[in-house]
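Now for the letters of each chain:
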Amino acid sequence: MEASKPRRDLYAEVTQRIVQALAQGVRPWACPWRKDAETPARPRRHNGETYRGINVLLLWATAQERGYQRNTWLTYRQAEALGGQVRKGERGALVVFAGRQSTSDAAEEVEEPSEPRSQRTFAFLRSYTVFNIDQVDGLPEADSVPTVSLAQVRPDEGAEAFFAATGARVQHGGSRAFYAPGSDLIQLPDPSAFRDPASYAATKAHELAHWTGHPQRLAREFGRRFGDAAYAMEELVAELCAAFICADLRIGAEPREDHAAYVGDWLKVLQSDSRAVFTAASQAQRAADFLHAFQGAPRV
């Protein structure tokens, strides 16, 4: 009888991918798009739909590592359907799909005896491989690939309009940037203290991410699961959310230098819990969606 293959631990694989990047001093959420590009800064599928959550980090990390200049990805079969051919020897990139499935549709299940059988579901995680269009020959010209229409605005003006729509209370002064939950206030240094408008906007996005976690908003808490590491997790969520927002607003800001000290803490959390980065990316996406909802436009 043929021995069964060991089950893939996709959570561990994805976590290891992020850990390796962090250990090399690269934050995978520092998105590597070209500032003069006219396409969405988040990685996107061949049909123009943008990736979300953990897949953004995975594809940004791959793009940085391999030097890809474009942010459109597709499967081998999708490339063939468009008349293209993935070049021989090219390595694909890992992306994942998380969902829930009813026990009636699956061979495996997570039993919950107290729940009626018709209502029992289990979570699953699947992987698939995609290729950057830089790895594919014979595709139609880039202009014929569907794109997402985004308003072209200058990053500083667009960011300020985005932030103002949230109604968050922001005041300036001093030399520190922080969010105070008690007074529900974001405190920032004066804009002139930042090296450029993008750095100011990225810092404001980070503190707004913390603002979303207020009990009257998303009520985000990590203490029960992560204990002493809860603060590091919240900082990771805020940094990821800021990266997502900056990408959406086309703000090419560098990661905050004052957060370099968190890298060691993030590595400890990720290495001890293979699902921590999934939690962080999911919560960051939820925070970004919350901020986008104030804009009166479809979320990306």
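Here the structure is a predicted model, which means the values were calculated and not measured.

Engineer: Could you give an account of the pattern of salt bridges, naming the residues involved and the relevant values?
Structural biologist: Side chains that differ in charge, positive against negative, can pair when their charged atoms come close. Summed over the entire model, instances satisfying the criterion amount to 10 salt bridges. Among the ionic pairs, Glu90 bridges to Arg87, the shortest N-O distance being 3.4 Å. A relative accessible area of 29% places Glu90 in the partly exposed class. Of the charged contacts, one joins Lys204 and Glu160 as a salt bridge, the two residues approaching to 3.2 Å between their closest N and O atoms.

Engineer: Tell me about the side chain of Gln285, and name the residues and values.
Structural biologist: Note on placement: Gln285 falls in helix 9 (residues 276-292). Gln285 gets classed as buried once you look at its relative accessible area, which sits at 5%.

Engineer: Explain the environment of Thr50 to me, using residue names and the numbers behind them.
Structural biologist: Residue position: Thr50 is located in the loop between strand 1 (44-45) and helix 2 (54-66). Between the alpha carbons of Thr50 and Thr72 there is a distance of 9.0 Å; along the sequence they are 22 residues apart.

Engineer: Lay out the sheet that holds strand 9 (residues 185-188) in plain terms, naming residues and giving numbers.
Structural biologist: What the three strands build is an open sheet, ordered 7-9-8; its pairing is mixed. Whereas interior strands pair on both sides, the edge strands pair on one side only; in this sheet they are strand 7 (170-172) and strand 8 (178-180). Averaged over neighbouring strand pairs, the angle between their axes works out to 25° when direction is ignored. As judged from the three bridges shared by strand 7 and strand 9, these two strands associate in the parallel manner. When the sheet's bridge partners are listed, His172 is paired in strand 9 with Leu188. Packing of helix 5 (residues 197-212) onto the sheet brings it into contact with strand 7, strand 8 and strand 9, and relative to strand 9 it is tilted by some 155°.

Engineer: Help me get a handle on helix 1 (residues 10-23), residues and values and all.
Structural biologist: Here helix 1 contains 14 residues, and its C-alpha end-to-end distance of 20 Å stays within 8% of the 20 Å for a straight helix at 1.5 Å per residue. Every buried residue of helix 1 is accounted for by Leu10, Tyr11, Val14, Thr15, Arg17, Ile18, Val19, Ala21 and Leu22. One side-chain oxygen of the residue at the start of helix 1 lies 3.3 Å from the amide nitrogen of Tyr11, identifying that residue as Asp9.

Engineer: If you had to explain the nonpolar core to someone new, which residues and values would you point to?
Structural biologist: If you look at the biggest cluster of nonpolar residues, it comprises 72 residues, and the most contacted ones within it are Ile245 and Leu270. The element best represented in this core is helix 7 (residues 230-248), accounting for 14 residues. Residue contacts for Ile245: discarding those within four places in its chain leaves Phe162, Phe163, Ala205, Ala288, Leu291 and His292. Core analysis: the second largest hydrophobic core is formed by seven residues, Leu74, Ala79, Ile133 and Leu139 among them.

Engineer: I'd like a description of the confidence of the model for the chain, backed by residues and values.
Structural biologist: Scored by pLDDT, the chain has a mean of 79; 76% of the residues are at 70 or more. Within the model, the stretch residues 32-40 combines pLDDT values under 50 with 24 contacts to residues more than four positions away or in other chains. Here residues 142-155 is modelled with pLDDT under 50, and outside its nearest four sequence neighbours on either side it reaches 18 contacts, counting other chains as well.

Each value, and the rule that gives it
Residues numbered from 1 in each chain as written. Predicted model: local features only at pLDDT ≥ 70, side-chain atom pairs only at ≥ 80, totals over all residues. Heavy atoms only, no water. Salt bridge = Lys/Arg side-chain N within 4 Å of Asp/Glu carboxyl O. Buried < 20%, exposed > 50% of the residue type's maximum accessible area, 1.4 Å probe, protein only. Helix = DSSP H or I, 4+ residues; strand = E, 2+ residues; numbered from the N terminus. Pairing = 2+ DSSP bridges. Axes fitted to C-alpha atoms, helices over the stretch in contact; angles between N-to-C directions. Contact = heavy atoms within 4.5 Å. Expected span 1.5 Å × (residues − 1). Polar contact = N/O pair within 3.5 Å; in protein donor to acceptor, adjacent residues only side chain to side chain. Core = buried A, V, L, I, M, F, W, Y, C linked by side-chain atoms within 4.5 Å. pLDDT = per-residue confidence, 0-100.

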